[in-house]
Amino acid sequence: MDRMPEDLPHPSLDEIRIERVLHALADPVRLHLVRELARLDTGVACGAIDLPITKSTRTHHLRTLREAGVVTIRPSGTSRITTLRRADLDALYPGLLDGVLNAPH
């Protein structure tokens, strides 16, 4: 029988630090994930965004984004849904996310 994935810890708004956010966004794979999440504007299952990486590498990148406060990952049935924490990041660092997302690539 499949069991529901457990809740993962996320930093609260006052625990999100710019250094960790910038580090998380500096990696090309994580930046691609964030751009796709922003484009979709809705939560998606962790494997829904096509990436040429292994499942364990994807998990590492998603964990880095979650621990930095860039995304929220919540259980939904037997999946985990990833959502960009746009409102939180915009409240803490106005314009940062838009600047990063609109930068040429």
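In short, a report on the structure. Fair warning: this is a prediction, and the values are worked out from it, not measured in the lab.

## Here's the deal with the environment of glycine 99
- Note that glycine 99 resides in helix 5 (residues 96-102).
- Taking the C-alpha atoms as reference, glycine 99 lies 21 Å from leucine 62; in sequence the two are 37 residues apart.

## Comments concerning the pattern of salt bridges
- On inspection of all chains with the given rule, the structure shows five salt bridges.
- Between arginine 39 and glutamate 36 there is a salt bridge, with the nearest N and O atoms lying 2.8 Å from each other. With arginine 39 and glutamate 36 both in helix 2 (residues 28-40) and three residues apart, the pair spans about one turn of that helix.
- Among the ionic pairs, arginine 66 bridges to glutamate 67, the shortest N-O distance being 4.0 Å.
- One salt-bridge network, held together by shared partners, links Arg20, Arg66 and Glu67.

## Some words on the sheet that holds strand 3 (residues 79-84)
- The strand order 1-3-2 describes an open sheet built from three strands, whose pairing is antiparallel. The open sheet has two edge strands, strand 1 (44-45) and strand 2 (71-76), and neither has a second partner.
- Bridge analysis of strand 2 against strand 3 gives six bridges, and the strand direction is antiparallel. Residue pairing for strand 3: arginine 74 is matched across the bridge by isoleucine 81.
- Contacts from helix 2 reach strand 1, strand 2 and strand 3, with the element oriented near 85° to strand 3.
- Of the strands in this sheet, strand 2 and strand 3 are in contact with helix 3 (residues 55-68), which crosses strand 2 at around 115°.

Definitions and limits used
Residues numbered from 1 in each chain as written. Predicted model: local features only at pLDDT ≥ 70, side-chain atom pairs only at ≥ 80, totals over all residues. Heavy atoms only, no water. Helix = DSSP H or I, 4+ residues; strand = E, 2+ residues; numbered from the N terminus. Salt bridge = Lys/Arg side-chain N within 4 Å of Asp/Glu carboxyl O. Pairing = 2+ DSSP bridges. Contact = heavy atoms within 4.5 Å. Axes fitted to C-alpha atoms, helices over the stretch in contact; angles between N-to-C directions.

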